[in-house]
Amino acid sequence: MKALKRWFDRRGALPLTCYLAAALLWVVLGAVHWGSDALGRSGGTLYEAEIPVTDWQLAGLETGESTAETAVLTTTNGDPQMILEDVSDMVVRTLSYTVEFEGDAREMCLYYTTKVGEDYSQDRRVFPEALGDGKYLYTLPRTSIVALRLDPCSPDENKTVEMTFTPGTISLNKAETLPAVWQYFVPSWYQAFCLVLYPALAAAACSWLRAVVRALRQRKKAR
C-alpha cells in the first residue's frame, strides 16, 4: 500500500497509470479476438465461402443476362434486397464483392440479425469500405450472426440501377479481407482517438474524486 501511495503521489502518475491500463486492456482484447478467430478456423466455423448471387433470396431485383463470369441484377423498386436467411452455422467476419453500377447506387448497406426471427434494424447494419475498382468490403461486428440482408443500392424514385457482379458471387470471409495477426493489435483511427481520450477522462475523474476524498478527510479532522 505504501508503495502504491508513493507511486500515485508522483506528478503525472495517475494519467500514466490510466494510459498503461488502457494499453494493457487493448493488447488483451486483441489477443482474445485473435484467439477467437484462430479457434473458429481450427473448428471449421470461420471459413471462406463464395455465395453465387443467384443463391441469395432476391426482393425488388430481377436477374438479367449473365455469363459464367458475371451476374447481372436490375432493380424493380426503390428498396432492393438480397437475403441469406441462415448463416448461423458459420462465423461471418466480412462480406465483399466486386460490382459495376449502371445508375446511381446511393445508399449501400448490410443488415444482420443476431437471433432467429429477429427483425432487421438500422441499429444492426454496416456500411461498406470502397476499395477501388468496384470492390466493396463490409466488416461485421464480432457477434453471433444468424441472417444477412444486403441492400446493394437505393435507386431514385422511378429509376432503375443495373448491377454487374464480377465474378457472379459474393464472398464471406475472403482471405485477404481478414486481419493478419499484427492487425488485431493495431487500432483504427477512431479506436486510437478513444485510447487517447478515455484514459485522460478517467484520470481527470479519479483526480477529482481523490481531491474530494482528501477534502472530506481534512474536514473530518478539523472537527
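None of these values were measured; they are calculated from a predicted model. (Residues numbered from 1 in each chain as written. Predicted model: local features only at pLDDT ≥ 70, side-chain atom pairs only at ≥ 80, totals over all residues. Heavy atoms only, no water.)

Let's talk about the environment of Val72
- With respect to the secondary-structure elements, Val72 resides in strand β4 (residues 71–75).
- For the pair formed by Val72 and Trp182, sequence separation is 110 residues and the distance between their alpha carbons is 38 Å.
- For Val72, the contacting residues outside a window of four places in its chain are Glu62, Thr63, Gly64, Glu65, Ser66, Glu162, Met163 and Thr164. (Helix = DSSP H or I, 4+ residues; strand = E, 2+ residues; numbered from the N terminus. Contact = heavy atoms within 4.5 Å.)

Points about the pattern of salt bridges
- A full pass over the atoms with the stated rule returns 7 salt bridges.
- The partner of Arg93 in a salt bridge is Asp37, and the shortest N-O contact between them spans 2.9 Å. Within this pair, whereas Arg93 is found in the loop between β5 (81–84) and β6 (94–102), its partner Asp37 is found in helix α2 (residues 13–43), the two being separated by 56 residues in sequence. Of the two residues examined, Arg93 and Asp37, each falls in the buried class.
- Arg106 is paired through a salt bridge with Asp156; the nearest N and O atoms lie 3.3 Å apart. Linking Arg106 in the loop between β6 and β7 (109–113) with Asp156 in the loop between β11 (147–151) and β12 (162–165), this pair joins segments that are 50 residues apart in sequence.
- Overlapping salt bridges bring together Asp37, Arg93 and Arg142 as one network. (Salt bridge = Lys/Arg side-chain N within 4 Å of Asp/Glu carboxyl O. Buried < 20%, exposed > 50% of the residue type's maximum accessible area, 1.4 Å probe, protein only.)

Examining a nonpolar patch on the surface
- On the surface, a nonpolar cluster with roughly 540 Å² of combined accessible area is contributed by Tyr190, Phe193, Leu197, Tyr198 and Leu201.
- In this structure, Phe193 sits in helix α3 (residues 189–222). (Patch = residues over 30% accessible without salt bridge, like charges linked within 9 Å, V, L, I, M, F, W, Y side chains within 5 Å. Areas by Shrake-Rupley, 256 points an atom, 1.4 Å probe, with all protein chains shown as cover.)

Side note on the confidence of the model for the protein chain
- Per-residue confidence for the protein chain gives a mean pLDDT of 91; residues scoring 70 or more make up 96%.
- Averaged pLDDT values for the elements of the protein chain fall to 67 in helix α1 (residues 2–9) and rise to 97 in β7. (pLDDT = per-residue confidence, 0-100.)

Examining the packing of α2 against α3
- Where α2 meets α3, the axes come as close as 8 Å, and the angle between the chain directions of the two elements is 140°. Overall, the two elements α2 and α3 adopt an arrangement that is oblique. Note that α2 runs across α3; the crossing there is right-handed. Listed contacts from α3 to Leu14, Pro15, Cys18, Tyr19, Ala22 and Trp26 of α2 are Gln191, Leu195, Val196, Pro199, Ala200, Ala202, Ala203, Cys206, Ser207 and Arg210. (Axes fitted to C-alpha atoms, helices over the stretch in contact; angles between N-to-C directions. Parallel < 35°, antiparallel > 145°, perpendicular 65-115°, else oblique. Left-handed = near helix turned anticlockwise from the far one by under 90°.)

A closer look at the pairing of β5
- Of the two faces of β5, the one lined by Gln81 and Ile83 and the one lined by Met82 and Leu84 are each fully buried.
- As judged from the 3 bridges shared by strand β2 (residues 57–59) and β5, these two strands associate in the antiparallel manner. Within the sheet, the bridge partner assigned to Ala59 lies in β5 and is Gln81. (Pairing = 2+ DSSP bridges.)

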